[in-house]
Amino acid sequence: MIAFHGVKSARVCLLAAATSVLALGTAGAQDYSGVTVNIMTFTGPQIAEPLQRRAPDFEAATGADINVITVPFSDLYTRLLTDWATRTNSVDAAVFAPQWSVDFITPGFLVDLTDWVAADDALEVDDIAGFFREFSQQFSGRTYMLTLDGDFQMAYYRTDVLAQLGMDPPETWDDYLAIAEAAHGMDMNGDDQPDYGSCISKKRNAQAYWAIHSIAGAFLQSQGTSQGAFFDPETMAPLVNNAGFRAALEIYVATTEFGPPDEINLDVGDTRSLFTIGRCALTIDWGDIGTLAIDPENSNVVDLVGATMLPGSTEVLDRATGELVPCDDATCPYAINGVNRAPFAAFGGWSGGINAAVDERTQEAAYAFFSFMSRPEHSNEDVTIGITGFNPYRVSQFENLDRWLAAGMSEEAASSYLGAIGDSLSSPNMIIDLRIPQNQRYQQVVLDTALARLLAGEIDIDDAMAQIEAGWDELNDEIGRDDQLAAYRASLGL
Amino acid sequence: MTAAPADRDTVGPSVGRRARFEEWAERQASLVFILPATLVILGFSLFPLLVSAYLAVSRFRLGPGGFELSFVGFANFRKLLFGSEQFHFLGRLEALGPLSWAVLIGVAALLGWWLARAYRNPKTGVIGKVGRTITATVALGLTALTLTTTLAGGAFGSLMTTLFYVVVGCTLQFLIGLGLAILCAQPIVGRNVFRILFFIPVMVTPVGIAYAFRMLADMSRGPLAPIWSAFGLGELSWAADPWAARMVVVIGDSWQWVPFIFIVLLAALENQPREQLEAAQLDGASGWQTFRDVSWPAIAPTAATVMLIRIIEAFKIIDLPNVLTNGGPGIATESMTLHSFFAWRTQDLGGSAAVAYMLLFVSVVISVSFFHFVVRRARREHL
Amino acid sequence: MTTIDRRPTPVTSIAHHTMPQPGPIARLFEPRRIGKMSPMTAFVVYGGLLFWTVIVVFPLYWLLVTSVKLPIDVNEGPRYLPFIDFQPSAHAWRYVFIDIGGDTFRPYVNSLIIATVSTVLAMLVGSMAAYALVRIEYRPSLGSIVMFLACLAAAIVAVVAAGVPWWIAAVGLVAVFLLLLRAIGRRFQRRLGNADIQFWIISQRILPPVVVALPIYVMFQNLGLLNTRTAFIITYATINLPIVVWLMHDFFASIPIDLEESAQLDGASRYRIFFDIVLPLAKPGIAATGLLVLVLAWNEYLLALFLSGADVQTMPLLVAAQNATRGPQWWYMSVLIVIMIVPVVTIALFLQRLIARGLLVGSVKG
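Nothing here was measured: the structure is a model prediction, and the numbers come from that model.

The next thing to look at is the overall build of chain C. Assigned secondary structure in chain C consists of 16 helices and 2 strands. Residues counted as buried form 52% of the 366 residues belonging to chain C. Within chain C, counting contacts between residues at least 6 apart in sequence, those at least 24 apart form 72% of the total. Surface summary for chain C: the accessible area is close to 16600 Å², and the carbon and sulfur share equals 67%.

Right under this line is the structure:
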C-alpha cells in the first residue's frame, strides 16, 4: 500500500479485495495457469498502483502471472512502439493513452477486441459512458482498447473564494478571466501572502499543451463530436489560423497574468499541489483534483472545491469564413444557456491494449485481466481513490454518491464534482483528442513548441498561429495527407 | 628468450607444446594487448555511426507489422538549417546591424591572417591546411551565428544554447576549480578533508543533481525563498527568463564538475617543482608573480588536458535542462542532445539522427581544434 | 616493491628563514615565515574554502532533509530543520524500502552488478591497451586500416540493408580483408604511430550518446541481448574504455622502465610483466581511474533509457521516474538519490589514500 494515503485507503483496499474475490467466485474464472502477461505502463504510483494491487487476486483466481512493468511517463509511447515495431515483443499488453492507439492500430500491433467485448457480460460495457464506448475505445468502428480511466478536462474553483467575491462559477472563458482577475492577489490559505487567480500548467514538453484545446474547443467545435476541433474533416486543413483559435490564445496568454510567476515551468503535478494547498482560485485539470482535494493529509482545501464543465463561448467559428459568429440554434445546437460548451477528452483516459503478436492464450489472459480491472465492482472502488489516478468513466460511477461519501467527500462537493463529470460525459459536443498517426509530433512538438515560445515572449500570437499551421501542414505532407485525413475521419467515427 | 623456458623444453613433449604456445603467445603479445580495445571500440563506433547516418537521410514510418525507412536525401538537414526547424536548431536569425558587421569583419580578418600565416609556413602539411581551414570556417560561422542571435536581436537555437553551456560552463568551472585548487594548495590544516568533501558532487547522479537544483532554485518553496522575497524577487521566476534559466543550468552543471577540475589541478599544483617555487619566494616575488612565472607554466599542460575532457563531456549535456525546465522557457535551455532526444521520443528518428550528426560535427571540430591548438601547444611549450 | 611517493615535500624545510621586519599593517599581508600564510591570506583562504564547503554540502543536506518531509512540508514552503521547523517522517523511506521494496531493490542490484562488472572489464581491457601504447611501438599502415574499414562498412551494409546473417558477414569480412591484405597490403607506405592510435581511441569519447543509442538498441535486439544486464555491461565498458586508456596511459608512462627491463631479462613474459609488476605499481592510478569509471557507469542515464526493458532497470531511471503525473515526488526522489550516493562515497573514502597519493597527478599530465 501507499504510505501516505494512510488508513482510509487501506480500508478501501481491504474492501476491494473482499469484493473482488467474491466477484471471481461467481464469475467462474478461466484457467490461465502458466501464462505470464507482461503489462507495461508508466511509473506510478498512479495507474500502476491499482494494477499491481489487484493483480494478486486475479492471479489467485486464474493462475496467470501478471507482471507490471513501469517506465517514465514521457518514454512510455516510444518504448512501447519500439518494442513492438522492432518485433522485440517483450511486452504483451500495455495500459496507455487511446490517443496513441492509432500508431499501434494502423501497423496492426493491437488485437481487435470487438468480439471479445461483445461476449463479455461481466464488463457491463453499456455502463461505460457513451463517449468512451463509442469513440475512445474504438477506431474505425472496431474496439481496440478497454477504458480503465475517464480523462477529460474540467474547470475547478474554490467555493469559498467565489462566495467571498460574490461570483458564480464560470460559464464562459470571459467569466473565468473575470474571476481570476478578481481573485488574484487575495490570501486564500491564511498565510497573509497574496495567492493566485488561476493556475494552469504551462510547462513545455510536459502535459500542458492540452489546455489550449480545452479553451479553443468551445470556439472551434459546436456541431458535435464528429465535427472535430483540430482539422477540417473534409480537407485536413488545420483549424489553427482563424479567429476562434486566436481568441483562445488570447485567453491562454491572459491567464498567465493571474498565475504564479513560474507558471511557465509548472507541470500538472505542480499546479495540483498548488491548488490543493490552497494557493489558487481556479485551475483546469483532469478529474484528479476532485479526489486529491479530499485527502486530509495533503490538502488544505477539503470541501472547498467546486468543479464545472469546461467554460464555453457565446461565439463560435464559422469555418467558411474563419470568423466568429454569435451562437444561435443553427450555429450552436448543443448550447447551454446560449453558451457553446465543448468538454475536451484530453489524452483520452488510460486504457488497456493487447499486443497482436503474442500467442492467443496470453492475449486472452491479458484481456481477462483488463476486463477484471474495468468491471464495475472493481473500477467503482478505484475511481474514488486519489492514488489510483483513475477517474470516473462509467455511468454508475457518477450516479451513485455513496461511494464518494464513503471516500470522504461532502455531499455538496460530491454532487459538484460528479455533476461536472456527468455534464461533460453526457455532452454530445465532447472533443475527441487528436488521433492520427504520429499525433505526438503534431501536438508535443509543433503545437507545444509554438505555445512555449508564445508564452516565453519569443513570438506573438500571429506568429504562433502561422507556425502551428505551417508545422501541421508540413507534417501532413510528409506523412501523407490522404492517409492522415482517412485516419482523422476514422477517429471521428465518419 | 632466456634459459629457463629452454630448460623446461627438454623435459617432455607436452611441456614443449606448452612452451611453444607460450612463445607464440609472447610473439602475439603486442596484438593481444591492443586488439580487444580496438575491436570493441571499432564495433561500437562504426556500426552506430553508419546506422545513424542511414537514419539521418531517411524517414521513419510505422508500417504493417513493423516499420519502414524511406530515403529522403538531405531533407532532415535542410529542415534544420533552412526549413521549419531552423529557429529550433540555429535560432531566430535577424539581419546584422553595423556593429555586428564590424565585429564579424574583424573576426574574419583575424581568422584570415591566421590562416594565411599557416599557409605560408612551409611546415604545415596538407592535413594541417585542411584542418585549419575547417576550424576557421566553423569559427567564422559560429561568430556570425552568435552575432545574429544576440547583438542583432535574434534568439538562440539549440546549437547556440549548447555552445553557451560549453563555453560559459567550462570557463566558470575552470576558474572556480583553479581557485579552489590554489586555496587548497596553501599550507592549510585539513587539506584531505576538503579534498574529499569537494570531490563528492562528481559522484552524484546528474539526474539527481538536476532534481536537487530544481528544489533549490524554487523561488517560493525552495530554501532560498526568504532571501528572494526579502529582495522583493519572490514574485519573479528564473524559469520565465531565458538567460536566468540558462544560468541555473550552468550553475547546476558547475556544481557537479568543478570538483573534477579542482582535484586534477590540485594534484598538478602539488606536483610542481618545489625548488623553483621556493626560489621565487626567496626572491621576494609576489603571490601573483610566483603563480604566473612558476606555477602556471607547470600546470598548464594538465589544465589544457583536463579542459579538453570537460569540453568533450560538456557537449553531451541533457539531464539538467531536461529536468529543470524541459528545455523551456520557449526553447531557451534546450541543448542539442535534448533536441535530438525530444525528436526521438516522438518517433521522428530521421530528425533525431540529423540533430545528433550536427552535434557530432560541431563537437568534433571544436574538440579537435582545442586539442591541436591548445592542448598540444601547452604540452609542447611547457614540457 | 617501492611505490613512487608523490606526496609534496613539506615546504617547512626552510621555514625558519627570517623576514625583514614589516610595519603593523603590512604585517597583515606578509607571512611571518616562508611556508606560512599571512593572516590576511589565511582569512581569504579559509573563508573561500568554507564558502565552497557550504555550496557543496547544502544541496546534499537539502536532499537528506527532504527525504524525511511529508509532501505538505515540501509544498508549503521552505522548512529547514527537522524537529524545529517540521516533524520528520520516515514515510518516504518506508515507501522506498518496504512498500515498493522489491522495485527499489531490483534496480539497485542491477546497477551494482552493471557498474562493477563493466568497470572491471573496462579497466582490464583499457589498461592493457594503454600499457601497450606506452611500451610497444605500433606502426599500422594507413592503407590497410582504410581497407579494413571499407570491408567492415560493406559487411555492416550487407547485414543491415541486405539482411545477411551477421556471422556470415563477419566471416566474409575477415576472409576478404586477409585476401586483400595479402594481395595489395605491401603497397601501402604511410604509417600511423602510437599517438595517432591513442588520439583515435580518445576521440571515441566525443561521440554523443544520442548518436549511438538507437543503433545500439538495434544491435542488441539482433543479438538477442536486449533487456539483459549483459547489454548494459558491454555498452558501459565500451563507452568508458577511452577514458581508461587516456588516464592509464599517463600513469604507465610515469612508471620507470628499469623494473620491467630487468624482469624481461629474467625471462618473464609480457603478460607476466604486466600483471605482476606494472599493475601493482599503478595501483593508485587504477583506484582513481576505476572510481571515475565506476561513477560514470553508476550514474549513466541516457543510454539506460534506451537499453532497459521490462526486467533491467537501473537506479537513475528509477530516480527520474519519480516525476509522475502528480508532480515530482520529491520525498521519494531524495531517498533514492541519497541511497545512490552512499555506496560511491563509501568506496571513495576507502580508496581515498590511494587517490590522495596524488595519482590523479600523473594522470592528466603528458
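On we go.
With that settled, consider the packing of aromatic side chains. One pass over the full model with this rule turns up 61 aromatic pairs over all chains. Each ring, one from Trp116 of chain A and one from Tyr367 of chain A, has its centre 5.5 Å from the other, and the planes form 80°; the classification is edge-to-face. Of the two residues, Trp116 of chain A is situated in helix H5 (residues 114-118) and Tyr367 of chain A in helix H13 (residues 360-374); the sequence distance between them amounts to 251 residues. Residue Trp116 of chain A is classed as partly exposed on the basis of its relative accessible area, which comes to 24%. Residue class for Tyr367 of chain A comes out buried when judged on its relative accessible area of 8%. When the centroid spacing of 5.3 Å and the interplanar angle of 65° are considered together, the rings of Phe198 of chain B and Phe262 of chain B count as edge-to-face.

Moving on, we get to the domain arrangement of chain C. By convention, interface size is frequently given as the accessible area that disappears when the constituent parts associate. As far as domains go, chain C holds domain 1 (20-95), domain 2 (101-138 + 204-363) and domain 3 (139-192). The distance between the C-alpha centroids of domain 2 of chain C and domain 3 of chain C comes to 30 Å.

Bringing the packing of helix H12 (residues 274-282) of chain B against helix H13 (residues 287-314) of chain B into the picture now. Residues and elements named next belong to chain B. Where H12 contacts H13, the axes come no closer than 10 Å and their chain directions differ by 160°. Here H13 runs roughly antiparallel to H12, going by the angle between their axes. In this structure, H12 crosses over H13, and the sense of that crossing is right-handed. Packed against H12, whose contacting residues are Gln276, Leu277 and Ala280, the element H13 presents Thr290, Val294 and Ser295 at the interface. Class assignment of the residues belonging to the contact of H12 with H13 gives a composition of 3 nonpolar, 3 polar and no charged.

Here we come to helix H15 (residues 336-345) of chain B. Residues and elements named next belong to chain B. Most of H15 is tucked away: 10 of the 10 residues are buried. Within H15, burial applies to Met336, Thr337, Leu338, His339, Ser340, Phe341, Phe342, Ala343, Trp344 and Arg345. Positive phi appears at Gln347, one or two residues downstream of H15, with a value of about 65°.

Core analysis: the biggest nonpolar cluster contains 370 residues, and Phe104, Phe245 and Phe369 of chain A together with Phe252 of chain C have the highest contact counts within it. The element that contributes the greatest number of residues to this core is helix H11 (residues 242-270) of chain B, accounting for 16 residues. Sequence-distant contacts of Phe252 of chain C, defined by excluding residues within four places in its chain, comprise Ser127, Ala130, Tyr131, Val134, Arg135, Phe274, Val278, Leu279 and Ala282 of chain C. Counting residues in each nonpolar core, the second largest holds 5 residues, with Val161, Met186, Met188 and Ala281 of chain A among its members.

Let us now look at the interface of chain A and chain C. Opposite the 36 residues of chain A that make contact, chain C presents 28 residues. Summed over both partners, the interface of chain A with chain C comes to about 2700 Å²; 53% of that surface belongs to carbon and sulfur atoms. Taken together, chain A and chain C are joined by 0 salt bridges. Mapped by element, the contributors of at least two residues to the side of chain A that touches chain C are strand E2 (65-71), helix H3 (73-85) and helix H11 (268-276) of chain A.

Time to look at the interface of chain C and chain B. Every contact between the two is made by 108 residues of chain C and, on the other side, 102 residues of chain B. Along the contact surface separating chain C from chain B lie 1 salt bridge. Here Glu313 of chain B makes a salt bridge to Arg205 of chain C, at a shortest N to O gap of 2.6 Å. Taken together, the connections running from chain C to chain B amount to 14 residue pairs in polar contact (both at pLDDT 80 or more). Here the element with the most residues in the side of chain C that touches chain B is helix H2 (residues 39-66) of chain C; it accounts for 15 residues. Residue composition of the side of chain C that touches chain B, grouped by class: 81 nonpolar, 19 polar and 8 charged.

Our focus in this paragraph is a negative patch on the surface. Residue and element names in this part refer to chain A. A grouping of Asp168, Glu171, Asp174, Asp175 and Glu315 is seen on the molecular surface, where their side chains present a negatively charged patch. Note that Asp175 resides in helix H8 (residues 173-183). Here Asp175 falls in the partly exposed class, since its relative accessible area comes to 31%.

As a further point, take the side chain of Asn380 of chain A. All names here are of chain A. Assignment of secondary structure puts Asn380 in helix H14 (residues 376-382). A distance of 3.2 Å separates a polar atom in the side chain of Asn380 from a polar atom in the side chain of Ser396. With residues up to four places along the chain from it excluded, the contact list for Asn380 reads Arg394, Ser396, Gln397 and Arg403.

All names here are of chain A. Read across the open sheet, the 5 strands follow the order E2-E1-E3-E14-E6; overall the sheet is mixed. On the outer flanks of this sheet lie E2 and strand E6 (146-147), each paired with one strand and no other. Taken together, the 2 bridges between strand E1 (residues 36-42) and strand E3 (residues 93-96) define a ladder with parallel strand orientation. Paired with Ile39 across the two strands is Ala93, which belongs to E3. Across the sheet, H3 lies against E1, E2, E3 and strand E14 (351-354), angled at about 140° from E1, the strand it touches most.

A word on the sheet that holds strand E8 (residues 196-199) of chain A. Residues and elements named next belong to chain A. With mixed pairing, 4 strands are arranged side by side in an open sheet as E8-E9-E7-E10. Single-partner strands in this sheet number two, and they are E8 and strand E10 (305-309). If you compare each strand with its neighbour and ignore which way they point, the axes differ by 15° on average. For strand E7 (residues 154-158) and E10, the ladder comprises 5 bridges, and the chain directions are antiparallel. By the bridge assignment, Ala155 is partnered in E10 with Thr308.

The next thing to look at is a positive patch on the surface. Residue and element names in this part refer to chain B. On the surface, Arg117, Lys123, Arg376, Arg377 and Arg380 cluster together into a patch of positive charge. At 3 residues, helix H16 (residues 349-382) tops the list of elements feeding residues into the positive patch. For Arg376, the position within the fold is in helix H16. Of the residues examined, Arg376 reaches a relative accessible area of 33% and is grouped as partly exposed.

Another aspect to go through is unusual backbone geometry. Notably, Arg87 of chain A is not glycine yet its phi reads approximately 60°, a positive angle. Position of Arg87 of chain A among the secondary structure elements: in the loop between H3 and E3. For Asn326 of chain B, which is not a glycine, the phi torsion comes out positive at approximately 55°. Looking at the secondary structure, you find Asn326 of chain B in the loop between helix H14 (319-325) and H15.

Before going further, it helps to examine the state of the cysteines. Residues and elements named next belong to chain A. Counted under the stated rule, the structure contains 2 disulfides over all chains. Disulfide pairing places Cys199 opposite Cys280 at an S-S distance of 2.0 Å. Its S-S torsion of approximately -90° makes the covalent link between Cys199 and Cys280 left-handed. Remark: Cys280 occurs in strand E9 (residues 280-285) and Cys199 occurs in strand E8; sequence separation between them is 81 residues. Each member of the pair Cys199 and Cys280 is classed as buried. The disulfide partner of Cys327 is Cys332, and the gap between their sulfur atoms is 1.9 Å. Between Cys327 and Cys332 the sulfur-sulfur dihedral comes to about -80°; the bridge is accordingly left-handed.

Turning to helix H5 (residues 98-120) of chain B, a few remarks are in order. Residues and elements named next belong to chain B. With 23 residues, H5 ought to run about 33 Å at 1.5 Å a step, and its terminal C-alpha atoms sit 32 Å apart, in line with that. Among all positions of H5, only Ser100, Leu104, Leu111, Leu115 and Ala118 are buried. Among the structural elements, helix H6 (126-149) are those in contact with the buried residues of H5.

Glancing now at the pairing of E14 of chain A. If a strand is regular, its side chains alternate between the two faces of the sheet. Residues and elements named next belong to chain A. Covered by surrounding structure in E14 are Ser351 and Gly353 together with Gly352 and Ile354, the residues of both alternating faces. Relative to E14, E3 is paired through 4 bridges, and the arrangement is antiparallel. Residue pairing in the sheet places Phe96 in a bridge with Ser351 of E14. Relative to E14, E6 runs antiparallel, the two sharing 2 bridges. What sits directly across from Leu146, in E14, is Gly352.

Thresholds applied
- Residues numbered from 1 in each chain as written.
- Chains lettered and ligands numbered in written order.
- Predicted model: local features only at pLDDT ≥ 70, side-chain atom pairs only at ≥ 80, totals over all residues.
- Heavy atoms only, no water.
- Helix = DSSP H or I, 4+ residues; strand = E, 2+ residues; numbered from the N terminus.
- Buried < 20%, exposed > 50% of the residue type's maximum accessible area, 1.4 Å probe, protein only.
- Contact = heavy atoms within 4.5 Å.
- Areas by Shrake-Rupley, 256 points an atom, 1.4 Å probe, with all protein chains shown as cover.
- Phe/Tyr/Trp six-rings, centres within 6.5 Å; stacked < 30°, edge-to-face > 60°.
- Domains from an automatic or database assignment.
- Axes fitted to C-alpha atoms, helices over the stretch in contact; angles between N-to-C directions.
- Parallel < 35°, antiparallel > 145°, perpendicular 65-115°, else oblique.
- Left-handed = near helix turned anticlockwise from the far one by under 90°.
- Nonpolar A, V, L, I, M, F, W, Y, C, P; charged D, E, K, R; others polar.
- Core = buried A, V, L, I, M, F, W, Y, C linked by side-chain atoms within 4.5 Å.
- Buried area = accessible area lost by both parts, 1.4 Å probe.
- Salt bridge = Lys/Arg side-chain N within 4 Å of Asp/Glu carboxyl O.
- Polar contact = N/O pair within 3.5 Å; in protein donor to acceptor, adjacent residues only side chain to side chain.
- Patch = residues over 30% accessible without salt bridge, like charges linked within 9 Å, V, L, I, M, F, W, Y side chains within 5 Å.
- Lys, Arg positive; Asp, Glu negative; His and termini not counted.
- Charge placed at Lys NZ, Arg CZ, Asp CG, Glu CD.
- Pairing = 2+ DSSP bridges.
- Disulfide = S-S within 2.5 Å.
- Expected span 1.5 Å × (residues − 1).

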